[in-house]
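Chain by chain, the residues:
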Amino acid sequence: MATVADKVARRVEEHYPHVLGLAGAAMMLVFGPNLMTSAAANGWHLDQLYAALFNLSTVFTGFLFTFYSFVVTADRGFLAQARQSIYLQRANGFTIVAITAGFILCVLSIPTLVWQPAPIVRNLEMVWLSVWVGTSVWALLAFERATRLFIIFASRHKGSQ
Amino acid sequence: MDSRIKGRFYRLSEAPNGQPEFADILLAIMAGGAPSDRERDLGGGVTLRLEQCDVRDQLVEGDFCRVQRVNIPPQAGAAGLVPIQLNDGHGIGHLGAFIYHRPTRVMLLQSNMQSATPNRVALYVATDDPMRIFSLRPVLTDDAIDRFRAGRARSFSVKFAGIDRLDVLDDPDIPAARGARMIADAYDGLDVEIKVSVGRSRDHWLAQGGLLASIGRLMGEPGVEKLQAKMEGDDHPLDLLHEQLQAESELELPEGDPARHYAVRRQFLRETLGANMPLIQRQFGAPDGHGRR
């Protein structure tokens, strides 16, 4: 029987990438001018950050799609046995969310790479950068959540073949 | 139906406290009305009903029918496959005859995986009242019993199958990460095997009385996947789950005559039970009708 802590953990697990993604975008909107001023003063290479997130999102999305295909086509062992379980179905749902988030981050990163925004005041450029930061946080946490679950399922599946 | 008919012997557990005896439950269901009133949904798309059930001295004999109303196979003609047209509410009847000897609580059940299996028979009598729990455990052959009683057991192993449906552990209120670990632990139950052995010590054996009692309790339990005893001097362990008393015969089953079809199968079961009655009475009871264990 689920305890109150379980129910809270269940809600947290379901929503934390979205909530923290939104929080990241909001914080960028609020603290962005100071942060970007500081970055400019210290000579940070923001273009490298945009490129790194773009590369990461493409790798993550490909990895998650491979993971998803592996899970849904496993016809023996633990994964096949667990297919009807809501936990694996939920893990598959989280994987699809992570793939979607990774794809959106990928698409948003292309104009960001070209544009190279570095606003020091709250303007349209800052709004775009906030959306990009929020999407990055959302995609990274969604990836972390899906991968963590995949490791649990895959580590048990390994010995059941 | 295949004309090669096989029957297997099972020993039923005693009726739970306050519950009627197994045969009386069947007879009460039989007296309960039309065939459709005797149908019970056992879950998983299986509907079973008691088609025949009669008393003959100390025997209760009858026929189970599994009514298949979905996933009906086609009929295969010279030109190919044609759908079988069934009237509304009708299904294909898969039959499994039985004969039950009251004094020893031994049942000879026709083997038909499509019809009444031991598990389905137990579920059938439990559908009206879940307290009516009976287990059907295989009756061992004379040879297996003799080997067991004459020998000295040096080791004994039992393997339990875990749950085969992990979705029964679903709880929508717990996080997926914890649920995943939980079903992984449950899945590990598939590998549980217990071995009791005297090890390498000579002149030591397992106590036969206790071992027989343990085997008696474990046999017929649906979760037991392997039950073996290694006897002194034997190269191979005695496989207690697969040394079941059974009989097989090629019968001339009449087509288009369900009553005669049942009569032929019933006769096979009667003869098989009669031929094995000395062994059954040696194992489970005296002819006066008192079960030994």
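Rules and cut-offs
Residues numbered from 1 in each chain as written. Chains lettered and ligands numbered in written order. Predicted model: local features only at pLDDT ≥ 70, side-chain atom pairs only at ≥ 80, totals over all residues. Helix = DSSP H or I, 4+ residues; strand = E, 2+ residues; numbered from the N terminus. Buried ≥ 20, exposed ≤ 12 C-beta atoms within 10 Å, placed from the backbone. Contact = placed C-beta atoms within 7 Å. Nonpolar A, V, L, I, M, F, W, Y, C, P; charged D, E, K, R; others polar. Pairing = 2+ DSSP bridges. Core = buried A, V, L, I, M, F, W, Y, C linked by C-beta atoms within 7 Å. Expected span 1.5 Å × (residues − 1). Bend = angle between axes of the 7 residues up to and from the residue. Axes fitted to C-alpha atoms, helices over the stretch in contact; angles between N-to-C directions. Parallel < 35°, antiparallel > 145°, perpendicular 65-115°, else oblique. Left-handed = near helix turned anticlockwise from the far one by under 90°. pLDDT = per-residue confidence, 0-100.

1. Some words on the overall build of chain A
Right, on to step 1. Within chain A, the secondary structure is distributed over five helices and zero strands.
Right, on to step 2. Mapped from its N terminus to its C terminus, chain A presents α and β elements in the order α-α-α-α-α.
Right, on to step 3. Across the 161 residues in chain A, those meeting the buried criterion constitute 35%.
Right, on to step 4. Relative to all contacts within chain A whose residues are 6 or more apart in sequence, the contacts with residues 24 or more apart total 89%.

2. Things to note about the overall build of chain B
Right, on to step 1. A tally of regular secondary structure across chain B gives six helices and 14 strands.
Right, on to step 2. Buried positions account for 29% of the 293 residues belonging to chain B.
Right, on to step 3. Excluding contacts between residues fewer than 6 apart, the proportion of contacts in chain B whose partners are at least 24 apart in sequence is 66%.

3. Considerations on the interface of chain A and chain B
Right, on to step 1. Across the boundary between the two partners, chain A contributes 21 residues, which contact 17 residues of chain B.
Right, on to step 2. Those elements giving two or more residues to the side of chain A that touches chain B turn out to be α1 (4-42), α3 (77-81), α4 (86-115) and α5 (124-158) of chain A.
Right, on to step 3. Its residues assigned to classes, the side of chain A that touches chain B shows ten nonpolar, four polar and seven charged.

4. A look at the pairing of strand β1 (residues 4-12) of chain B
Residues and elements named next belong to chain B.
Right, on to step 1. Inspection of the sheet shows β1 paired to strand β14 (residues 246-250) by five bridges, in the antiparallel sense. Its bridge partner being in β14, Ile5 is matched across the sheet by Ser249.
Right, on to step 2. Direction of pairing for β1 relative to strand β8 (residues 106-110): antiparallel, over a ladder of five bridges. The residue bridging Phe9 from the neighbouring strand is Leu108, located in β8.

5. Topic: the nonpolar core
Right, on to step 1. Of all hydrophobic cores here, the largest spans 47 residues; its most connected members are Phe22, Leu26, Phe98, Met107 and Leu108 of chain B.
Right, on to step 2. Residues contacting Leu108 of chain B, with those up to four places away along its chain left out, are Gly7, Phe9, Phe98, Ile99, Leu269, Thr272 and Leu273 of chain B.
Right, on to step 3. Counting 41 residues, the second-largest nonpolar core is a separate cluster that includes Met28, Ala82, Leu88 and Leu140 of chain A.

6. What to know about the sheet that holds strand β13 (residues 238-239) of chain B
Residues and elements named next belong to chain B.
Right, on to step 1. Strand order in this open sheet of four strands is β11-β10-β12-β13, and the pairing throughout is antiparallel. Among the strands making up the open sheet, the edge pair consists of β11 (193-197) and β13.
Right, on to step 2. Of the strand pairs in this sheet, strand β12 (residues 224-231) and β13 are connected by two bridges, and their pairing is antiparallel. Considered in β13, the bridge of Ala229 is made with Leu238.

7. Brief notes about α1 of chain A
Residue and element names in this part refer to chain A.
Right, on to step 1. In this model, α1 (39 residues) spans only 47 Å end to end at C-alpha, well below the 57 Å of a helix rising 1.5 Å per residue.
Right, on to step 2. At Phe31, α1 shows its largest kink, close to 70°, and the proline Pro33 lies no more than four residues downstream.
Right, on to step 3. Every buried residue belonging to α1 is among Arg10, Pro17, Gly21, Gly24, Ala25, Met28, Gly32 and Met36, and all of these are buried.
Right, on to step 4. Looking one or two residues past α1, Gly43 carries a phi angle of roughly 70°, positive in sign.

8. Observations concerning unusual backbone geometry
Most peptide bonds take the trans configuration, and most residues that are not glycine carry a negative phi.
Residue and element names in this part refer to chain A.
Right, on to step 1. Even without being glycine, Gln116 reaches a positive phi, approximately 50°.
Right, on to step 2. On the secondary structure map, Gln116 appears in the loop between α4 and α5.
Right, on to step 3. On the neighbour-count criterion, Gln116 (9 C-beta atoms within 10 Å) is exposed.

9. As for the packing of helix α2 (residues 46-73) of chain A against α4 of chain A
Residues and elements named next belong to chain A.
Right, on to step 1. In contact at an axis separation of 8 Å, α2 and α4 are set at 155° when each is read in the N-to-C sense. Judged by the inter-axis angle, α2 sits roughly antiparallel to α4. The crossing of α2 and α4 is left-handed.
Right, on to step 2. Across the contact of α2 with α4, the residue classes break down as 17 nonpolar, eight polar and no charged.

10. Things to note about the confidence of the model for chain B
Right, on to step 1. Mean pLDDT for chain B: 85, with 91% of residues reaching 70 or above.
Right, on to step 2. Under the prediction, the complex receives an ipTM of 0.82, its pTM being 0.54.

11. With respect to the environment of Leu211 of chain B
Residue and element names in this part refer to chain B.
Right, on to step 1. Structurally, Leu211 is set in helix α5 (residues 208-218).
Right, on to step 2. Residue classification places Leu211 among the partly exposed residues on the basis of 16 C-beta atoms within 10 Å.
Right, on to step 3. In sequence terms Leu211 and Phe156 are 55 residues apart; their C-alpha atoms lie 8.2 Å from each other.

12. Describing the environment of Gly285 of chain B
Residues and elements named next belong to chain B.
Right, on to step 1. With respect to the helices and strands, the residue Gly285 is situated in the segment after α6 (258-284).
Right, on to step 2. The exposure class of Gly285 is partly exposed, given the 18 C-beta atoms found within 10 Å.
Right, on to step 3. For Gly285 and Pro103, which are 182 residues apart along the polypeptide, the C-alpha to C-alpha distance reads 7.3 Å.

13. A word on the environment of Asp170 of chain B
Right, on to step 1. With respect to the helices and strands, the residue Asp170 of chain B is situated in the loop between β10 (153-160) and α4 (176-188).
Right, on to step 2. Leaving out residues up to four positions away in the same chain, Asp170 of chain B has contacts with Ser85 and Ile86 of chain A.

14. Considerations on the confidence of the model for chain A
Right, on to step 1. Counting all residues, the mean pLDDT for chain A is 92, and 97% of those residues have values of 70 or more.
Right, on to step 2. The secondary structure element of chain A with the lowest average pLDDT is α3 of chain A, at 85, and the one with the highest is α4 of chain A, at 95.

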